[in-house]
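A closer look at the structure
Spelled out from the first residue to the last, the chains are:
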Amino acid sequence: MTRNIITTRRQLIKGGLAAATVLTSPSILRAQGRRDLTMLTWAGHADPDVIGAFEEAHNVRIRAKEYVGGDQMLAQIAQSPTGTYDVILADAEYVVQLQQAGFIERLDPEDYPFDDFFPEFQNFRGHWFDGHPYAVFLRFGYLGLSHNRAAMSEADARSYRSMWDAQHEGRIGHFDWHLPNLGALSLLNGNEAPFDLGDQQWNELTDTLMTLRPQVRGFYDYGGMLSALRSGEVAAIPGIGDWITGVLARDGADVTTTIPEEGGLQWTESLSIGVGSKNQDLARTFIQYMMSPEGQVKTATLKAYPAMIPTRSGWARLNDELPGEAKRQNMVLNGPNALDEIRAGRIRLRELPVQQSLEVWNDAWTRYKNA
(Lines give C-alpha, C1' and ligand atoms only; values in the text may rest on other atoms or scores of the structure.)
Protein backbone atom coordinates (compact mmCIF):
# COMPACT_ATOMS: atom_id res chain seq x y z
CA MET A 1 0.00 0.00 0.00
CA THR A 2 1.29 3.48 -0.83
CA ARG A 3 -0.91 5.66 1.37
CA ASN A 4 -0.13 6.25 5.03
CA ILE A 5 -2.58 5.37 7.73
CA ILE A 6 -2.52 7.82 10.65
CA THR A 7 -4.11 6.43 13.78
CA THR A 8 -5.01 8.66 16.70
CA ARG A 9 -4.79 7.49 20.31
CA ARG A 10 -8.57 7.50 20.52
CA GLN A 11 -8.90 5.41 17.35
CA LEU A 12 -6.26 2.99 18.60
CA ILE A 13 -8.09 2.45 21.87
CA LYS A 14 -11.42 2.17 20.07
CA GLY A 15 -10.04 -0.38 17.67
CA GLY A 16 -8.07 -2.31 20.26
CA LEU A 17 -10.65 -5.01 20.84
CA ALA A 18 -11.13 -5.60 17.12
CA ALA A 19 -7.39 -5.72 16.59
CA ALA A 20 -6.96 -8.27 19.34
CA THR A 21 -9.61 -10.42 17.71
CA VAL A 22 -7.85 -10.21 14.33
CA LEU A 23 -4.50 -11.19 15.80
CA THR A 24 -5.96 -14.36 17.26
CA SER A 25 -6.81 -15.68 13.75
CA PRO A 26 -3.94 -17.86 12.37
CA SER A 27 -5.24 -17.60 8.82
CA ILE A 28 -5.20 -13.81 8.90
CA LEU A 29 -1.78 -13.84 10.53
CA ARG A 30 -0.50 -16.01 7.70
CA ALA A 31 -2.13 -13.77 5.11
CA GLN A 32 -0.48 -10.73 6.63
CA GLY A 33 2.93 -12.38 6.42
CA ARG A 34 2.45 -13.95 3.01
CA ARG A 35 4.99 -13.14 0.31
CA ASP A 36 4.40 -13.01 -3.42
CA LEU A 37 6.65 -14.79 -5.89
CA THR A 38 6.28 -13.80 -9.53
CA MET A 39 6.89 -16.33 -12.27
CA LEU A 40 7.00 -16.08 -16.06
CA THR A 41 6.08 -19.49 -17.42
CA TRP A 42 4.45 -21.72 -19.97
CA ALA A 43 0.87 -22.60 -19.06
CA GLY A 44 0.20 -25.26 -16.44
CA HIS A 45 3.26 -24.84 -14.24
CA ALA A 46 1.43 -22.71 -11.68
CA ASP A 47 -1.54 -25.06 -11.31
CA PRO A 48 -2.49 -25.76 -7.67
CA ASP A 49 -1.56 -29.43 -8.13
CA VAL A 50 2.01 -28.35 -8.81
CA ILE A 51 2.63 -25.39 -6.52
CA GLY A 52 -0.03 -25.72 -3.83
CA ALA A 53 2.13 -27.63 -1.34
CA PHE A 54 5.01 -25.18 -1.78
CA GLU A 55 2.74 -22.18 -1.29
CA GLU A 56 1.32 -23.67 1.90
CA ALA A 57 4.66 -24.73 3.33
CA HIS A 58 6.33 -21.36 2.73
CA ASN A 59 3.33 -19.05 3.13
CA VAL A 60 3.79 -17.70 -0.37
CA ARG A 61 1.48 -16.86 -3.24
CA ILE A 62 2.89 -17.53 -6.70
CA ARG A 63 1.71 -15.02 -9.26
CA ALA A 64 2.24 -16.48 -12.72
CA LYS A 65 2.33 -14.68 -16.04
CA GLU A 66 1.91 -17.21 -18.84
CA TYR A 67 3.37 -16.94 -22.33
CA VAL A 68 3.29 -18.96 -25.55
CA GLY A 69 6.64 -19.34 -27.30
CA GLY A 70 10.17 -18.23 -26.56
CA ASP A 71 9.98 -15.07 -28.64
CA GLN A 72 6.97 -13.91 -26.65
CA MET A 73 8.80 -14.75 -23.43
CA LEU A 74 11.81 -12.63 -24.40
CA ALA A 75 9.61 -9.73 -25.44
CA GLN A 76 7.68 -9.90 -22.16
CA ILE A 77 10.89 -9.63 -20.13
CA ALA A 78 12.36 -6.88 -22.31
CA GLN A 79 9.21 -4.78 -21.90
CA SER A 80 9.04 -5.21 -18.11
CA PRO A 81 10.97 -3.31 -15.42
CA THR A 82 14.02 -5.07 -13.99
CA GLY A 83 13.01 -7.34 -11.13
CA THR A 84 9.47 -7.95 -12.41
CA TYR A 85 9.93 -11.74 -12.49
CA ASP A 86 11.48 -13.72 -9.65
CA VAL A 87 11.43 -17.06 -11.50
CA ILE A 88 11.59 -17.60 -15.25
CA LEU A 89 10.75 -20.95 -16.84
CA ALA A 90 12.19 -21.05 -20.35
CA ASP A 91 12.93 -23.47 -23.15
CA ALA A 92 16.60 -24.34 -22.91
CA GLU A 93 17.48 -22.92 -26.32
CA TYR A 94 16.47 -19.46 -25.09
CA VAL A 95 18.60 -19.56 -21.93
CA VAL A 96 21.64 -18.35 -23.87
CA GLN A 97 19.70 -15.31 -25.05
CA LEU A 98 18.44 -14.64 -21.52
CA GLN A 99 21.98 -14.80 -20.16
CA GLN A 100 23.50 -12.67 -22.90
CA ALA A 101 20.81 -10.03 -22.47
CA GLY A 102 21.43 -9.89 -18.72
CA PHE A 103 17.92 -11.05 -17.84
CA ILE A 104 18.85 -13.86 -15.42
CA GLU A 105 21.03 -14.14 -12.32
CA ARG A 106 24.14 -16.27 -11.95
CA LEU A 107 23.37 -19.25 -9.70
CA ASP A 108 25.48 -20.98 -7.08
CA PRO A 109 25.92 -24.61 -8.16
CA GLU A 110 26.07 -25.67 -4.52
CA ASP A 111 22.43 -24.68 -4.12
CA TYR A 112 21.07 -27.28 -6.54
CA PRO A 113 21.22 -31.10 -6.77
CA PHE A 114 23.29 -31.38 -9.94
CA ASP A 115 24.92 -34.55 -8.57
CA ASP A 116 21.48 -36.17 -8.64
CA PHE A 117 21.17 -35.56 -12.39
CA PHE A 118 21.78 -38.38 -14.84
CA PRO A 119 25.19 -37.83 -16.49
CA GLU A 120 23.57 -36.74 -19.77
CA PHE A 121 22.12 -33.68 -18.07
CA GLN A 122 24.97 -32.48 -15.90
CA ASN A 123 26.73 -29.32 -17.12
CA PHE A 124 23.92 -29.04 -19.64
CA ARG A 125 24.87 -27.16 -22.79
CA GLY A 126 23.80 -23.52 -22.87
CA HIS A 127 23.12 -23.37 -19.12
CA TRP A 128 26.67 -22.87 -17.79
CA PHE A 129 28.87 -19.84 -18.46
CA ASP A 130 32.41 -19.48 -17.10
CA GLY A 131 31.81 -22.39 -14.75
CA HIS A 132 28.57 -21.05 -13.29
CA PRO A 133 24.99 -22.14 -14.00
CA TYR A 134 22.35 -19.60 -14.99
CA ALA A 135 19.52 -22.13 -15.30
CA VAL A 136 18.53 -25.44 -13.73
CA PHE A 137 17.32 -28.22 -16.03
CA LEU A 138 13.77 -29.09 -14.91
CA ARG A 139 12.10 -31.39 -17.46
CA PHE A 140 12.40 -32.67 -21.01
CA GLY A 141 10.81 -34.73 -23.74
CA TYR A 142 11.41 -36.09 -27.22
CA LEU A 143 9.96 -34.81 -30.47
CA GLY A 144 9.38 -37.14 -33.38
CA LEU A 145 6.32 -38.10 -35.36
CA SER A 146 3.07 -38.07 -33.37
CA HIS A 147 0.31 -40.06 -34.98
CA ASN A 148 -3.15 -41.51 -34.68
CA ARG A 149 -2.61 -45.28 -34.75
CA ALA A 150 -5.77 -45.87 -36.77
CA ALA A 151 -4.38 -43.64 -39.54
CA MET A 152 -0.64 -44.33 -39.36
CA SER A 153 0.97 -47.39 -37.85
CA GLU A 154 4.06 -47.29 -35.67
CA ALA A 155 5.92 -49.21 -38.38
CA ASP A 156 5.11 -46.50 -40.94
CA ALA A 157 5.98 -43.75 -38.45
CA ARG A 158 9.52 -45.10 -38.22
CA SER A 159 10.37 -42.67 -41.02
CA TYR A 160 9.35 -39.07 -41.60
CA ARG A 161 9.07 -40.06 -45.28
CA SER A 162 5.72 -41.71 -44.53
CA MET A 163 4.16 -38.23 -44.47
CA TRP A 164 4.57 -38.06 -48.27
CA ASP A 165 2.54 -41.26 -48.84
CA ALA A 166 -0.47 -40.72 -51.09
CA GLN A 167 -2.82 -42.09 -48.44
CA HIS A 168 -1.92 -39.16 -46.17
CA GLU A 169 -2.61 -36.40 -48.68
CA GLY A 170 -4.38 -33.61 -46.82
CA ARG A 171 -3.95 -35.41 -43.50
CA ILE A 172 -0.64 -34.10 -42.15
CA GLY A 173 -0.81 -31.42 -39.49
CA HIS A 174 1.71 -28.95 -38.13
CA PHE A 175 2.26 -27.35 -34.77
CA ASP A 176 2.51 -23.73 -35.83
CA TRP A 177 6.15 -23.12 -34.85
CA HIS A 178 9.04 -23.26 -37.30
CA LEU A 179 11.76 -24.57 -34.97
CA PRO A 180 10.58 -28.16 -34.27
CA ASN A 181 9.14 -28.64 -37.76
CA LEU A 182 12.23 -27.53 -39.63
CA GLY A 183 14.40 -29.42 -37.13
CA ALA A 184 12.56 -32.68 -37.80
CA LEU A 185 12.81 -32.30 -41.58
CA SER A 186 16.46 -31.37 -41.22
CA LEU A 187 16.99 -34.75 -39.56
CA LEU A 188 15.17 -36.37 -42.49
CA ASN A 189 17.68 -34.70 -44.80
CA GLY A 190 20.50 -36.37 -42.90
CA ASN A 191 21.89 -33.31 -41.12
CA GLU A 192 23.78 -34.44 -38.02
CA ALA A 193 23.50 -30.94 -36.58
CA PRO A 194 19.94 -30.13 -37.67
CA PHE A 195 20.06 -26.45 -36.67
CA ASP A 196 23.60 -25.70 -37.88
CA LEU A 197 23.12 -25.55 -41.65
CA GLY A 198 25.28 -24.14 -44.42
CA ASP A 199 23.69 -22.43 -47.41
CA GLN A 200 23.31 -25.62 -49.42
CA GLN A 201 21.83 -27.55 -46.50
CA TRP A 202 19.44 -24.70 -45.76
CA ASN A 203 18.27 -24.51 -49.37
CA GLU A 204 17.75 -28.27 -49.43
CA LEU A 205 15.72 -28.05 -46.24
CA THR A 206 13.38 -25.37 -47.58
CA ASP A 207 12.96 -27.41 -50.78
CA THR A 208 12.04 -30.50 -48.72
CA LEU A 209 9.60 -28.42 -46.72
CA MET A 210 7.78 -27.15 -49.80
CA THR A 211 7.33 -30.66 -51.21
CA LEU A 212 5.34 -31.57 -48.10
CA ARG A 213 2.88 -28.69 -48.49
CA PRO A 214 0.28 -30.62 -50.60
CA GLN A 215 -0.02 -33.16 -47.78
CA VAL A 216 -0.84 -30.58 -45.12
CA ARG A 217 -4.32 -30.15 -43.72
CA GLY A 218 -3.63 -27.29 -41.33
CA PHE A 219 -1.48 -25.47 -38.81
CA TYR A 220 -2.56 -25.85 -35.19
CA ASP A 221 -2.08 -24.42 -31.74
CA TYR A 222 -2.01 -26.58 -28.61
CA GLY A 223 -5.76 -27.16 -28.42
CA GLY A 224 -6.07 -27.65 -32.16
CA MET A 225 -3.45 -30.40 -32.15
CA LEU A 226 -5.27 -32.24 -29.37
CA SER A 227 -8.53 -32.14 -31.30
CA ALA A 228 -7.06 -33.01 -34.71
CA LEU A 229 -5.10 -36.03 -33.48
CA ARG A 230 -7.87 -37.33 -31.24
CA SER A 231 -10.49 -37.20 -34.00
CA GLY A 232 -8.20 -38.53 -36.72
CA GLU A 233 -8.60 -35.31 -38.71
CA VAL A 234 -4.85 -35.58 -39.16
CA ALA A 235 -2.88 -38.80 -39.39
CA ALA A 236 0.35 -37.36 -38.04
CA ILE A 237 2.11 -34.22 -36.85
CA PRO A 238 5.92 -33.97 -37.03
CA GLY A 239 8.07 -32.19 -34.46
CA ILE A 240 5.86 -32.79 -31.45
CA GLY A 241 5.85 -35.54 -28.86
CA ASP A 242 4.40 -37.04 -25.71
CA TRP A 243 3.67 -33.56 -24.39
CA ILE A 244 0.67 -33.79 -26.73
CA THR A 245 0.08 -37.51 -27.22
CA GLY A 246 0.55 -38.19 -23.49
CA VAL A 247 -2.32 -35.84 -22.68
CA LEU A 248 -4.53 -37.62 -25.22
CA ALA A 249 -3.46 -41.09 -24.06
CA ARG A 250 -4.53 -40.27 -20.51
CA ASP A 251 -8.03 -39.73 -21.93
CA GLY A 252 -7.97 -43.02 -23.83
CA ALA A 253 -7.13 -41.77 -27.33
CA ASP A 254 -5.26 -44.25 -29.54
CA VAL A 255 -2.32 -41.98 -30.31
CA THR A 256 1.41 -42.16 -29.70
CA THR A 257 4.74 -40.59 -30.63
CA THR A 258 7.34 -42.57 -32.55
CA ILE A 259 10.97 -41.52 -32.88
CA PRO A 260 11.77 -42.17 -36.56
CA GLU A 261 14.93 -43.87 -37.72
CA GLU A 262 16.23 -40.49 -38.88
CA GLY A 263 16.21 -39.37 -35.24
CA GLY A 264 14.32 -37.09 -32.92
CA LEU A 265 14.74 -33.82 -31.05
CA GLN A 266 14.83 -33.07 -27.34
CA TRP A 267 12.90 -30.15 -25.89
CA THR A 268 14.02 -28.97 -22.48
CA GLU A 269 12.56 -26.55 -19.94
CA SER A 270 14.66 -24.92 -17.25
CA LEU A 271 14.28 -22.57 -14.30
CA SER A 272 16.22 -19.35 -13.73
CA ILE A 273 16.07 -16.45 -11.29
CA GLY A 274 15.18 -13.11 -12.89
CA VAL A 275 17.84 -10.43 -12.62
CA GLY A 276 17.02 -7.86 -9.96
CA SER A 277 14.57 -10.14 -8.17
CA LYS A 278 13.89 -8.90 -4.65
CA ASN A 279 12.93 -12.42 -3.61
CA GLN A 280 16.00 -14.35 -4.68
CA ASP A 281 16.03 -16.41 -1.49
CA LEU A 282 12.45 -17.51 -2.09
CA ALA A 283 13.07 -18.06 -5.81
CA ARG A 284 16.03 -20.28 -4.94
CA THR A 285 13.88 -22.24 -2.47
CA PHE A 286 11.19 -22.69 -5.12
CA ILE A 287 13.66 -24.07 -7.66
CA GLN A 288 15.05 -26.40 -4.99
CA TYR A 289 11.51 -27.64 -4.31
CA MET A 290 10.89 -28.31 -8.01
CA MET A 291 14.14 -30.30 -8.15
CA SER A 292 13.20 -32.35 -5.08
CA PRO A 293 11.69 -35.81 -5.66
CA GLU A 294 8.24 -34.42 -4.81
CA GLY A 295 8.58 -31.50 -7.20
CA GLN A 296 9.99 -33.69 -9.93
CA VAL A 297 7.03 -36.05 -9.82
CA LYS A 298 4.64 -33.09 -9.96
CA THR A 299 6.29 -31.64 -13.05
CA ALA A 300 6.54 -35.07 -14.72
CA THR A 301 2.78 -35.49 -14.38
CA LEU A 302 1.76 -31.92 -15.19
CA LYS A 303 -1.84 -31.97 -16.40
CA ALA A 304 -1.18 -29.47 -19.19
CA TYR A 305 1.58 -31.60 -20.70
CA PRO A 306 3.67 -34.40 -19.17
CA ALA A 307 7.45 -34.63 -19.35
CA MET A 308 10.42 -36.71 -18.40
CA ILE A 309 12.66 -35.55 -15.56
CA PRO A 310 16.47 -35.41 -15.19
CA THR A 311 17.05 -36.60 -11.60
CA ARG A 312 17.65 -40.12 -10.33
CA SER A 313 15.66 -39.49 -7.15
CA GLY A 314 12.76 -38.17 -9.23
CA TRP A 315 12.69 -41.35 -11.30
CA ALA A 316 12.82 -43.45 -8.13
CA ARG A 317 9.89 -41.64 -6.55
CA LEU A 318 7.84 -41.76 -9.76
CA ASN A 319 8.36 -45.53 -9.95
CA ASP A 320 7.33 -45.90 -6.31
CA GLU A 321 4.25 -43.70 -6.47
CA LEU A 322 3.08 -43.97 -10.08
CA PRO A 323 4.63 -47.07 -11.67
CA GLY A 324 2.12 -47.00 -14.53
CA GLU A 325 3.13 -43.48 -15.54
CA ALA A 326 6.81 -44.31 -15.12
CA LYS A 327 6.32 -47.21 -17.53
CA ARG A 328 4.24 -45.15 -19.96
CA GLN A 329 6.94 -42.48 -20.18
CA ASN A 330 9.67 -45.15 -20.27
CA MET A 331 11.35 -43.86 -17.09
CA VAL A 332 11.79 -47.34 -15.65
CA LEU A 333 14.72 -48.14 -13.39
CA ASN A 334 15.41 -51.69 -14.53
CA GLY A 335 15.95 -52.50 -18.17
CA PRO A 336 15.79 -50.34 -21.29
CA ASN A 337 14.45 -46.82 -20.81
CA ALA A 338 14.12 -43.45 -22.51
CA LEU A 339 17.74 -42.48 -21.89
CA ASP A 340 18.82 -45.22 -24.29
CA GLU A 341 17.65 -43.01 -27.17
CA ILE A 342 20.18 -40.35 -26.15
CA ARG A 343 22.93 -42.89 -25.51
CA ALA A 344 22.36 -44.40 -28.95
CA GLY A 345 22.87 -40.98 -30.54
CA ARG A 346 19.31 -40.79 -31.91
CA ILE A 347 18.33 -37.55 -30.17
CA ARG A 348 19.51 -34.02 -30.97
CA LEU A 349 18.83 -30.97 -28.84
CA ARG A 350 16.30 -28.52 -30.20
CA GLU A 351 18.30 -25.33 -30.66
CA LEU A 352 18.15 -21.90 -32.23
CA PRO A 353 19.52 -21.62 -35.78
CA VAL A 354 23.29 -21.28 -35.87
CA GLN A 355 24.09 -19.96 -39.35
CA GLN A 356 20.78 -18.27 -40.10
CA SER A 357 18.79 -15.87 -37.96
CA LEU A 358 15.48 -16.70 -36.35
CA GLU A 359 13.91 -14.21 -38.75
CA VAL A 360 15.17 -16.20 -41.75
CA TRP A 361 13.66 -19.40 -40.37
CA ASN A 362 10.43 -17.65 -39.50
CA ASP A 363 10.18 -16.10 -42.98
CA ALA A 364 10.65 -19.52 -44.57
CA TRP A 365 7.90 -20.90 -42.36
CA THR A 366 5.56 -18.06 -43.27
CA ARG A 367 6.16 -18.61 -47.01
CA TYR A 368 5.44 -22.30 -46.48
CA LYS A 369 2.17 -21.63 -44.69
CA ASN A 370 1.06 -19.22 -47.42
CA ALA A 371 2.07 -21.47 -50.32
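Everything quoted here is computed from the prediction, not taken from an experiment. Counting restarts for each chain, with residues numbered from 1 along the sequence as it is written. Two thresholds apply to this predicted model, a pLDDT of at least 70 for residue-level local features and 80 or more for giving and counting side-chain atom pairs, whereas whole-chain, interface and lining totals are computed over all residues. As a rule here, side-chain values come from all non-hydrogen atoms in the structure, and water together with hydrogens is ignored.

Bringing empty space enclosed by the protein into the picture now. Detection works on a 1 Å grid of protein atoms alone, calling trapped sets that fit a 1.4 Å probe cavities and calling open sets with protein on both sides within 12 Å along at least five of seven lines pockets, with lining residues defined by an atom within 4 Å of a point. Grid points are joined across faces, edges and corners, and a volume is the space filled by probe spheres set on the points. What the rule picks out here adds up to one cavity of 30 Å³ or more. Computed from the structure, the largest cavity encloses a volume of approximately 40 Å³. As for the largest cavity, its lining consists of Met39, His45, Val50, Leu89, Leu138, Leu271, Phe286 and Met290. Gly is put with the polar residues, along with every residue not named as nonpolar or charged; the nonpolar set is Ala, Val, Leu, Ile, Met, Phe, Trp, Tyr, Cys and Pro, and the charged set is Asp, Glu, Lys and Arg. For the lining of the largest cavity, the residue count by class is seven nonpolar, one polar and no charged.

Before going further, it helps to spend a moment on unusual backbone geometry. Backbone geometry at Asn59 places phi at a positive 50°, although glycine is not the residue there. Helical segments are the DSSP runs of H or I of at least four residues, strand segments are the runs of E of at least two, and each set is numbered from the N terminus. Mapped onto the fold, Asn59 is located in the loop between helix 4 (48-58) and strand 2 (60-66). Relative accessibility decides the category of a residue: with a 1.4 Å probe and only protein chains considered, values under 20% of the type maximum give buried, values over 50% give exposed, and everything between is partly exposed. What makes Asn59 buried here is its relative accessible area of 14%. Positive phi is not limited to glycine here, since Asp130 has a value of about 55°.

What follows covers the pairing of strand 1 (residues 35-41). Only when DSSP finds a minimum of two bridges between them are two strands counted as paired. Both strand 1 and strand 2 contribute to a ladder of seven bridges, which runs parallel. From the neighbouring strand, Arg35 faces strand 2, where its bridge partner is Val60. For the crossover from strand 1 across helix 4 to strand 2, the handedness is right-handed. Pairing geometry for strand 1 and strand 3 (residues 87-91), over two bridges, is parallel. Each residue of the ladder has a partner; that of Met39, found in strand 3, is Val87. Every crossover in which the path from the first strand over the helix to the second runs clockwise, viewed with the strands pointing away from the viewer, is termed right-handed.

In this section: helix 10 (residues 242-250). Residue pairs three or four apart in sequence face the same way in an α-helix, which turns once every 3.6 residues. Trp243, Ile244, Thr245, Gly246, Val247 and Leu248 are the residues of helix 10 that are buried. Trailing helix 10 by a residue or two, Gly252 shows a phi angle of about 95°, which is positive.

With that settled, consider the packing of aromatic side chains. The aromatic pairing rule takes the rings of Phe, Tyr and Trp, using the six-membered ring of Trp, and pairs them if the centres are within 6.5 Å, calling planes under 30 degrees apart stacked, those over 60 edge-to-face and the rest tilted. According to the stated counting rule, one finds 24 aromatic pairs in the structure shown. Each ring, one from Tyr112 and one from Phe114, has its centre 6.2 Å from the other, and the planes form 65°; the classification is edge-to-face. The exposure class of Phe114 is buried, given its relative accessible area of 10%. Here Phe124 and Phe137 contribute two aromatic rings whose centre-to-centre distance is 4.8 Å and whose plane-to-plane angle is 90°, an arrangement assigned as edge-to-face. Taken together, the residues span a long stretch of sequence, with Phe124 in the loop between helix 6 (95-100) and strand 4 (128-129) and Phe137 in strand 6 (residues 136-148) at a distance of 13 residues. With respect to burial, Phe124 and Phe137 carry one shared label: buried. Distance and angle both matter: a charge sits over a ring if NZ of Lys or CZ of Arg is within 6 Å of the ring centre and within 35 degrees of the ring normal. When the ring centre of Tyr305 is taken as reference, the NZ or CZ atom of Arg139 above it lies at 4.8 Å. When the ring centre of Phe219 is taken as reference, the NZ or CZ atom of Lys369 above it lies at 5.9 Å.

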